2 protein chains.
Amino acid sequence: MATMSDQTSDQTSDDVRDPDLVAVQEGPEAASELTRPAGLDREKILQAAIDFIDEEGLAALTMRRLGSSLGVEAMALYRYVPGREDLLDGVVDRVVETLWDDEDGDDVYIGDHSGWQDYLVRLAHGMRRIALAHPAVFPLVASRPPAAPWVRPPLRSLRLVESFLGTLHDGGFSDQAAVAAYRAYSSFLLGHLLLEVTQIGAQVSLLDQPEGDPQAQRETDLAEYPSLARAEPLLGQDKSAAEFEESLENLLDRLERVLHEAKNSGGDVGDL
Amino acid sequence: MATMSDQTSDQTSDDVRDPDLVAVQEGPEAASELTRPAGLDREKILQAAIDFIDEEGLAALTMRRLGSSLGVEAMALYRYVPGREDLLDGVVDRVVETLWDDEDGDDVYIGDHSGWQDYLVRLAHGMRRIALAHPAVFPLVASRPPAAPWVRPPLRSLRLVESFLGTLHDGGFSDQAAVAAYRAYSSFLLGHLLLEVTQIGAQVSLLDQPEGDPQAQRETDLAEYPSLARAEPLLGQDKSAAEFEESLENLLDRLERVLHEAKNSGGDVGDL
DNA sequence: TTGCTCCCGTTTACGGCGTAAACGGTCGGG
DNA sequence: CCCGACCGTTTACGCCGTAAACGGGAGCAA
């Protein structure tokens, strides 16, 4: 079962050293960064780890293999990364940071929004973009121990939580209501996105497992589960995007209701 | 920070060998299960693994250590369990099975309910009981690849999904509406419970890490995050139970609304 | 009783893992 | 011209999962 190939690190022993002078001289050798990315640094290592996980899966990531994907021995990584655990933390940080990348023009630049509803929608879409771009990394975002107990994945940075609470506060939420909204929102995001990437992963892993005759097996399996059998075609359909929007809208409605009730009654309703 | 302790396996090397001869006669076997549970079987191994994870954490579980917690060498386990991965799958199955244990008299016996709302409430409470009883195991329930792509954690068994869909069908849901409810419900459960056990785990791991002067550190950290600093006491409070009930009620309201709209209009509203 | 056979835990062994420590080559600056 | 700093390599260690061979006790047939 999926025996890992032995992966001897070949062809790396006689490549061109001297990487950070490449651009300086430009005379002796300049093209070496096609075979190897021209010299290590922390960012390159983290990006390589993300790519590796996307392609081979989280379980396949080892220091030795990551090193050899960079054309380097495992121990070389330790000059830039304290160890494997910290590497994984760095991967999570780096992936979450892409929230602020304004790559699609206006899709998710959460620093520039109009109103808290808009902010929450953009933030949700941004996190979903990240999850779908790196479905094998996202479980890490979800499960790595957070910096503080009240940092709730997938909203993993102080900066993010600050902007969340600040935006809601500006929108008229009391501190209690903002915190309650933060918790409801993070639960919603985590549940939806984790299940969505789980489903992607499951489908992928099914594809490279022909496994005899799955048709017959499924049918016999479902023989004693009538409701399941009837719903099976529906269960196979992927409506994740629509359901995500629907749930998000529902959450926003709920928050809006709470906000207005609190305003109109002046009561102690901040609990959501 | 949070370096995993190196965890040398101490004090285990010279324990009592030959344990199953301790009380051999006196009836074939009766009292020896105080020192060792009298002989291995799959169930005993799975239960030992659950206990081990609860006490030492998932990362600490190795075949050797699990074996020695049973007074046995690692290889002995392989007679009853195909390997480590299957062991973890077994752990998940066994933990989820306790849903049907009628231990508290009437708390969560989901086989005996009145109406789909009652069923969903009991099921939610049952899953939450499991999550809180085994907070270190629950991430495994959430993240192990499911049997089929449409098995959505934490509702992990065909039997469970069948009873879910069947109950909603009996309650008047169309197949589409039942499936949509299944997805919304599983997202809700997973998000809430995973975040609740994450928070428990984070608090625990903070306790055994005095780590200098956390007070000063926290204050400096939050200096540039005004909203966060103001909300910090609120963020520390644990209102998980109330929030869980609130969100659950909201979800049920939403489902009920969808159900009635579909009934009254006869329209194609099954999408939730 | 003897001896066989199966059951079941142990021993041994292997390759891979994370990583500490020592090493060596190749720079730029005195 | 040399020297120290930088940076990737080599070597080594203990732990991991697990394949394979081993051994001893229980049950049973003769």
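Shown above is the structure to which this text applies.
Counting from 1, residues in each chain are numbered in the order their sequence is written. Note on labels: chains are lettered from A, ligands numbered from 1, in written order. For a predicted model such as this one, the threshold for reporting local features is a pLDDT of at least 70, and the threshold for listing and counting side-chain atom pairs is 80 or more; totals across whole chains, interfaces and linings nevertheless cover every residue. Working from all heavy atoms in the structure, the side-chain values ignore hydrogens and water.

Enquirer: How would you summarise a negative patch on the surface if you had to cite specific residues and measurements?
Expert: All names here are of chain A. There is a patch of like negative charges on the surface, built from D51, D54, E55 and E56. Relative to the helices and strands, D51 resides in helix 2 (residues 42-56). Working definition: with a 1.4 Å probe on protein chains only, accessible area under 20% of the residue-type maximum means buried, over 50% means exposed, and in between means partly exposed. For D51, a relative accessible area of 33% gives the class partly exposed. Each patch groups residues whose relative accessible area exceeds 30% and which form no salt bridge, using 9 Å between like charges and 5 Å between nonpolar side chains of Val, Leu, Ile, Met, Phe, Trp and Tyr. Using a 1.4 Å probe, accessible areas were evaluated by the Shrake-Rupley method; residue-level cover was limited to the displayed protein chains. In what follows, salt bridge is the name for a side-chain nitrogen of Lys or Arg lying within 4 Å of a carboxyl oxygen of Asp or Glu. Neither His nor the chain ends contribute to the count of charged residues, in which Lys and Arg are positive and Asp and Glu negative. Charge positions are represented by NZ for Lys, CZ for Arg, CG for Asp and CD for Glu. Strands are runs of DSSP state E lasting at least two residues, helices are runs of H or I lasting at least four, and both sets are numbered from the N terminus onward.

Enquirer: Tell me about the interface of chain A and chain B, residues and numbers included.
Expert: Frequently, the measure chosen for interface size is the accessible area that the parts lose on association. Taken together, the 48 residues of chain A in the interface contact 48 residues of chain B. Simply put, the buried area is the total loss of 1.4 Å probe accessible area from both parts when two parts are fitted together. When chain A packs against chain B, the two sides together hide about 5000 Å² of surface, and 63% of this comes from carbon and sulfur. When the buried area of chain A at its contact with chain B is split by residue, W150, R183 and L195 of chain A rank highest and sum to 13% of it. In this assembly, chain A and chain B are joined by four salt bridges. In this structure, D175 of chain A engages R230 of chain B in a salt bridge whose closest nitrogen and oxygen atoms are separated by 3.1 Å. By the criterion applied in these results, polar contacts are pairs of N or O atoms within 3.5 Å in which, for protein atoms, one can donate a hydrogen and the other can accept it, and in which residues neighboring in sequence qualify only through two side-chain atoms. Our count for the contact surface shared by chain A and chain B stands at 18 residue pairs in polar contact (both at pLDDT 80 or more). Of all the elements in the fold, those that place two or more residues in the side of chain A that touches chain B are helix 8 (158-170), helix 9 (175-207), helix 11 (226-236) and helix 12 (240-265) of chain A. Element by element, the count of residues in the side of chain A that touches chain B is highest for helix 9 of chain A, at 17 residues. When residue character is reported, Ala, Val, Leu, Ile, Met, Phe, Trp, Tyr, Cys and Pro are called nonpolar, Asp, Glu, Lys and Arg charged, and the others, Gly included, polar. For the side of chain A that touches chain B, a count of residues per class yields 22 nonpolar, 14 polar and twelve charged. Here, residues are in contact when the closest pair of their heavy atoms is within 4.5 Å.

Enquirer: Explain the packing of helix 5 (residues 116-133) of chain B against helix 7 (residues 158-170) of chain B residue by residue, including any values.
Expert: All names here are of chain B. Convention adopted: a line fitted to C-alpha atoms gives each axis, helices being fitted over their contacting stretch, and angles between N-to-C directions are expressed from 0 to 180 degrees. One way to put it is that helix 5 packs onto helix 7 with a least axis distance of 9 Å and a crossing angle of 155°. With respect to their mutual orientation, helix 5 and helix 7 come out roughly antiparallel. In this structure, the crossing between helix 5 and helix 7 has a hand that is left-handed. Each of W116, Y119, L120 and L123 in helix 5 lies in contact with helix 7, whose residues at this interface are L160, S163, F164, T167 and L168. Looking at the contact of helix 5 with helix 7, its residues break down into seven nonpolar, two polar and no charged. Roughly parallel means an angle under 35 degrees; roughly antiparallel, over 145; roughly perpendicular, 65 to 115; everything else is oblique. Helix crossings get a hand from a simple test, with the near helix turned counterclockwise from the far one by less than a right angle marking a left-handed crossing and a clockwise turn marking a right-handed one.

That's the geometry; what it means functionally is another story.
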